[in-house]
Structure formats: structure tokens, C-alpha cells
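# Examining the three-dimensional arrangement
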Amino acid sequence: MRDFRLKVVFNQQVSQRYWHLCLDASSIQEDIKPGQFFNIFCSDYSTEPFLRRPFSLYHFDKMHLEFLYAIKGVGTKALTHYQKGDTLNVLGPLGQFFQLPKNTREILLLARGVGIATLAALAYEAYERGIKVVGVLSARTNDDLVIADTLQSLGMVIYKVTDENKTSDIENVMERLSFILKQRTIDAVYTCGSRRLTRLLQRVSSEYGIYGEVALEENMGCSVGVCYACVCQIKEKEDSQSVRICREGPVFPLEKVLV
Amino acid sequence: MTGRINLKVQIGELLLQNPVMPASGAFGEGMDELVDFNQLGAVVPKSITRYPRGGNPTPRICETPSGMINSIGIQSKGLDDYLAHTIPYYSRYHVPLIPSISGDSIEEFVEMSRIIALEEAVAGLELNISCPNLKGNGLSFGMDEEVTYQLISEVRQVTTKPLLAKLTPNVTSIVDIAKSAVRAGADSLVVANTLLAMAIDTESWKPKIGNLMGGLSGPAVRPVIVRMVYQVAQAVDVPIIGCGGIMCGRDAIEMMLAGATAVQIGTASFLNPTAMLEIIEEIKAYLKEHQLEDIQQLIGQAHSQIKQE
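Before going into details, it helps to say that this report is about the structure given with it. (Residues numbered from 1 in each chain as written. Chains lettered and ligands numbered in written order. Predicted model: local features only at pLDDT ≥ 70, side-chain atom pairs only at ≥ 80, totals over all residues. Heavy atoms only, no water.)

## Notes on the overall build of chain A
The line we're drawing: Going along the chain from the N terminus, every DSSP run of H or I of four or more residues is numbered as a helix, and every run of E of two or more is numbered as a strand. For this analysis, residues touch if any pair of their heavy atoms sits within 4.5 Å. This count recognises Lys and Arg as positive and Asp and Glu as negative, with His and chain-terminal groups excluded. Here the site of a charge means NZ on Lys, CZ on Arg, CG on Asp, or CD on Glu.
Helices and strands together make up the secondary structure of chain A, namely five helices and 16 strands. With the principal axes as the frame, chain A shows a C-alpha extent of 50 × 45 × 35 Å. For chain A, the share of sequence-separated contacts (at least 6 apart) that also reach a separation of at least 24 residues comes to 65%. Within chain A, one finds 31 positive and 30 negative side-chain charges whose respective centroids are separated by 0 Å.

Have a look at this one:
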């Protein structure tokens with residue numbers, strides 16, 4: 001983990017709410033894994049936004065770090081002002097990453113909103129390792145499902161559900177998951193972006209006895225485990241304990257998180 | 001290198017190689033990959049409580065203009081874990097280790113201070129008297145002159161190591177509390193903890209902090225803290241450690257001109273994890289630029305400048 005100063009390769013709007021940021025990562029020697037995140041300074045010591053913003057990786061290789069982000073507030077809005085050639089302070093890679101259990105042949109991704117970007121990083125890794133990917137992607141509008149086509153073009157089986165089509169309700173998603181799990185042999189399930197969907201996938205993974213993981217989001221202070229701002233409750237034997245999302249997470253075993 | 005410049009300052013019997021130390025709660029083991037702790041004036045780990053504590057509901061942090069509000073609730077693994085892990089971990093560094101103690105009652109402050117001060121690696125104790133007194137009326141110990149006096153004088157009985165009292169700014173007169181702390185035997189005063197604050201989301205109509213209110217920090221509070229350091233410096237003779245919104249070397253210099261002998265850095269480390277090291281370098285550069293050889297030449301200078309006029 002280091003605080004890198006990285007040059008913007010491009011930063012472009014890809015839908016009404018979503019932007020795609022690509023940084024020159026040629027100076028990064030550290031090993032980076034899907035599920036990890038970077039804490040980005042979206043302005044230089046301004047009044048607002050004041051703190052950094054954590055972004056999980058959407059895609060990366062030896063030369064580039066890519067983030068897909070939605071404009072949610074002053075931080076992400078300020079980030080849209082960065083252009084090709086500008087530099088950003090980028091602290092990372094941070095946090096725990098997704099695990100693909102041994103001999104995994106097919107995985108199921110259940111993502112909502114900007115959580116789709118987090119799981120896309122895992123989808124790309126699975127694709128490279130010859131693991132099949134089925135995705136149920138949920139969003140407010142079809143316009144928000146910006147990377148669904150990209151994933152589909154790689155041969156992944158993608159189901160889109162949206163609020164605007166009234167297909168994103170729990171019953172419909174449950175039906176979709178049951179259909180997939182009956183048709184296919186899913187070895188592991190992953191989710192990000194919705195508490196409601198996380199609870200649903202907890203039920204499903206426990207019912208079918210499938211390994212699962214969830215990536216959580218939270219407002220962060222330091223992002224390095226010092227301030228204890230970003231915590232969640234984890235089941236520990238009979239008890240629950242408060243753990244740091246930036247350090248012990250953001251990826252947790254699905255059955256352990258209390259959401 | 002600027003070998004001739006002296007950055008050493010004295011806090012009671014503690015000699016610090018430079019005046020820059022972390023503020024408790026904004027520093028910890030997770031930063032050791034980014035910061036060489038041996039470069040700091042001292043290390044102050046997160047406040048310790050007697051027993052393990054889960055902390056407050058989320059959200060625990062929110063951003064405000066030029067600052068942030070936090071209400072973490074001192075999530076802690078308790079004293080036993082602190083003695084078994086935290087103190088041995090910091091013992092590997094050769095800068096003074098100043099544990100920050102947070103008790104629910106005066107008895108807990110006394111008990112923890114006695115036990116922690118026995119550790120050889122411990123150079124001094126910071127008493128976080130800004131936390132609420134659960135056996136009293138729930139107000140912070142440091143909001144009441146009498147309680148402040150009683151707490152510090154009782155801790156004074158159990159250790160000869162330097163005691164730093166971290167005052168709360170949420171009082172009518174910080175000078176009265178400061179005098180009380182010094183009378184009770186505090187060797188130094190940390191001025192100050194965070195300012196009680198609140199922010200409300202105008203879309204959800206709900207407070208932005210799970211615990212409803214929290215402590216404001218960051219550059220938004222700096223002028224308030226500079227004022228308090230100035231006032232306290234006029235009233236007491238012990239060294240003051242200025243803490244509140246210092247982001248760069250010049251901010252630290254301002255705090256020292258107001259009367260601080262050393263400074264604590266908190267929020268700045270969240271924005272820039274290496275802020276403390278940069279502040280040390282910026283202080284050096286400032287001294288060089290102003291042809292000063294000793295940082296002592298700055299402490300409290302705003303007071304003498306006024307007298308001269």
C-alpha cells in the first residue's frame with residue numbers, strides 16, 4: 001500500500017450517472033486483486049469535498065487502474081472535473097479481496113448499482129481463469145447497467161433487472177436465482193451494492209450450501225484501519241463483533257455479515 | 001540537511017526530538033507501512049478503555065465544510081489486549097510512547113493509569129478527560145473544574161510519569177479547567193479535543209451521524225483552538241500541546257506562536273497519511289527561511305509581539 005500520484009489517462013461519462021476513470025498504473029509494483037479498493041483524493045485540500053473517497057476497482061492490468069463511479073455527491077462530482085494528464089493522489093491497494101475457491105468452474109454474481117463495478121473486477125478475473133460467470137445485475141434504470149453488454153460480449157450470462165422495468169423486486173430476483181441454480185452448477189456466489197440483495201443471497205447460499213462472499217461499502221475516514229469509522233457487525237460463534245470494513249473487509253464471507 | 005536547526009522540545013520531563021505527534025484516534029498500526037514512526041516526536045495510540053467496547057452505531061463519520069464530524073465511541077479491545085499487544089508493538093520504536101486513557105469513572109482512570117504507567121515502555125500518559133463520566137451526569141469529566149481536579153490529582157497519586165490532560169473545548173471557560181488541571185498536577189495540557197457538532201441530511205432529514213452528534217475536527221476548528229491555546233498559555237505555566245485542524249507546517253507554527261510547545265495531528269493524516277512527516281519538514285523549512293536556529297524561539301511569540309506594541 002502506498003499513496004501514489006497517478007496520471008489520468010481518461011475520465012469520461014458513460015451514461016447519465018456513471019463515469020469511467022482510467023489512471024496510469026505503470027508505477028505500481030504492488031499486487032492488486034479484485035475486491036480491493038483505493039482511497040482517492042478528489043480535490044486538493046478544498047473546503048468540500050474534504051475527505052478522500054474510497055473506490056473499488058472495476059478493471060486493472062499492469063498499465064492501468066480503472067474505476068467506474070456514479071455521481072453521488074460532492075466528492076464524485078469533483079472527480080468528474082479531472083481530465084487527461086491531471087494527477088490524482090491514490091492510496092492503495094487496500095483491503096481484503098475476493099477468493100475463488102479451488103476447482104471453481106462457475107460463479108454467480110448478484111450486484112446492484114455501483115456494486116456492479118466491484119463485481120466486474122471479479123468477473124474479469126474469473127473469465128481469464130476460464131471460470132464461467134452468470135450475473136444478475138440490478139439498477140434503477142437500464143441506462144445505469146453500463147457494463148452489462150461488455151460482460152455479455154465476453155460470453156458471460158447476464159440477466160438485467162431494473163426499477164424502471166419493475167423487475168428488480170426481491171420476488172423476481174429470487175425467481176431468477178432459483179432458475180439459475182437449478183439449471184447450472186454454481187460453485188460460489190458473490191454480491192455487492194444492496195443490503196436487501198445481500199440478505200436474499202445469504203438465504204439462497206445457505207439453502208443451497210454454496211460458498212459466498214459480499215463486498216461492503218461505508219463512508220471512510222482513514223481507510224487504513226486507524227479511525228474505526230467504517231465498521232460492520234460480523235457473527236463470531238454465538239456473538240457478534242464490530243470489524244473494520246477497510247481492513248478486515250471490504251470483502252467478507254457472506255454468512256458472517258449481519259446486514 | 002539542516003543540522004544546525006533544533007526541533008527538540010520538552011514536555012514535562014519528556015524530551016521530544018520534534019514537536020509533532022499524532023492525535024489519539026487518528027493514528028495506529030495500520031499507518032506503519034506509510035510512516036516511519038521513529039521520525040515522530042512521540043506516538044499516541046488510540047484511547048484505551050478498561051474493558052472491550054464495541055463503539056457507536058454507524059455512520060460514525062461525516063464530512064463537513066473544511067472538516068469532519070466523528071462519533072466512534074472509542075471502540076476498544078480493552079486493557080488486557082492493550083498490555084499484551086499494543087504496548088509491545090510500540091515498544092519497538094524509540095520515540096516516547098504516550099498511551100491515551102479513557103475511563104468511565106475516576107476509579108477506572110486511576111486503575112488504568114497505575115497499571116499502564118508500570119510498563120517500562122510507557123513514557124507518559126494522556127488522560128482523555130473529554131470522554132463522558134458515566135458515574136456522574138454523563139457530561140465529560142473535563143467540563144467540570146472540580147471533577148477535573150479530582151481526577152487528575154487522584155491519578156497523580158499513582159504515577160510519577162508525565163501526565164498530559166486532553167481538555168475538551170466544549171466548556172464555558174477552558175482557562176478555568178486548564179488551571180484546575182495544572183493545580184491537580186498535570187504536567188502538560190492538550191488543547192483540545194473535538195468540538196461537539198451536528199449535521200443533518202436535507203434529503204433523508206436524518207442526522208448524518210448514527211450517534212446523532214459527534215466531534216468536529218479539521219481546519220474548520222483551527223481558529224477556535226488557536227484562540228484557546230492563546231488563552232490557556234496566558235493562564236498556566238505548563239507546556240501546551242496544540243491540537244485542532246493543523247494541516248501543514250504553517251498551521252503548526254501558528255499554534256506554537258499562540259503558545260503551544262508541541263502539536264498533535266489528527267484529521268490531516270486521514271487526507272494525507274504522511275502529513276505528520278511533511279509537517280516536520282515544513283517546520284524545518286520555515287525555521288530556515290526565517291533564519292531561526294531553535295524552534296523554542298517561536299513558542300508563544302504572539303504574546304510578546306502584542307506586549308511590544
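Having seen it, we continue.
## So, the pattern of salt bridges
Cut-off, in case you're wondering: Any carboxyl oxygen of Asp or Glu within 4 Å of a side-chain nitrogen of Lys or Arg constitutes a salt bridge here. Relative accessible area decides the class of each residue, using a 1.4 Å probe on protein chains only: under 20% of the type maximum gives buried, over 50% gives exposed, and in between gives partly exposed.
Using the criterion set out here, one finds 18 salt bridges over all chains in the structure. Measuring nitrogen to oxygen at the nearest pair gives 2.7 Å for the salt bridge that ties A:Arg184 to A:Glu106. Of this pair, A:Arg184 sits in the loop between helix H4 (170-183) and strand E11 (188-192) while A:Glu106 sits in strand E8 (residues 106-112), placing them 78 residues apart in sequence. Across the salt bridge formed by B:Asp187 and B:Arg156, the nearest N and O atoms sit 2.7 Å from each other. Of this pair, B:Asp187 sits in the loop between helix H4 (174-183) and strand E9 (188-191) while B:Arg156 sits in helix H3 (residues 145-158), placing them 31 residues apart in sequence. Take B:Asp187: its relative accessible area is 24%, and that puts it in the partly exposed class. Through salt bridges with shared partners, one network takes in B:Arg222, B:Asp251 and B:Glu254.

## Comments concerning a negative patch on the surface
Basically, it comes down to this: Residues forming no salt bridge and having over 30% relative accessible area are the ones grouped into patches, like charges within 9 Å of each other and nonpolar side chains (Val, Leu, Ile, Met, Phe, Trp, Tyr) within 5 Å. Only the protein chains shown count as cover for residues, with accessible areas throughout obtained via the Shrake-Rupley method and a probe of 1.4 Å.
On the surface, B:Asp144, B:Glu145, B:Glu146 and B:Asp176 cluster together into a negatively charged patch. If you trace the backbone, B:Glu146 turns up in helix H3.

## What about unusual backbone geometry?
Of all residues except glycine, most have a negative phi; of all peptide bonds, most are trans. All names here are of chain A. The amide bond that connects Glu48 to the next residue, Pro49, takes the cis arrangement and shows omega of -5°. Geometrically, the link from Gly249 to Pro250 is a cis peptide bond, its omega value of 5° lying close to zero. Backbone geometry at Asn103 places phi at a positive 65°, although glycine is not the residue there. Here Asn103 lies in the loop between strand E7 (87-94) and E8. Note on Asn103: relative accessible area 69%, which makes it exposed. The phi torsion at Lys237 lies on the positive side, around 55°, for a residue other than glycine. Mapped onto the fold, Lys237 is located in the loop between strand E13 (231-236) and strand E14 (239-244).

## Remarks on the environment of B:Asn133
All names here are of chain B. Mapped onto the elements of the fold, Asn133 is located in the loop between strand E7 (125-128) and H3. Overall, the relative accessible area of 13% leaves Asn133 in the buried class. Along the backbone, Asn133 and Lys161 are 28 residues apart, and their C-alpha atoms lie at a distance of 24 Å. The contacts of Asn133, once residues within four sequence positions are left out, are Asp104, Ser105, Gly138, Leu139, Ser140, Phe141 and Val147.

## Here we look at the sheet that holds strand E11 (residues 214-217) of chain B
All names here are of chain B. Defined as follows: Pairing between strands is defined by DSSP: at least two bridges between them are needed. Helix axes are fitted to C-alpha atoms over the stretch in contact, other axes to C-alpha atoms as well, and angles between N-to-C directions run from 0 to 180 degrees.
Strand order in this open sheet of four strands is E4-E5-E11-E10, and the pairing throughout is antiparallel. In this open sheet, the two edge strands, each paired with only one partner strand, are strand E4 (61-64) and strand E10 (195-197). The mean inter-strand angle of the sheet, taken between neighbouring strand axes irrespective of direction, is 35°. Note: E4 against strand E5 (residues 67-70), four bridges, orientation antiparallel. For Cys62, the partnering residue across the bridge sits in E5 and is Ile69.

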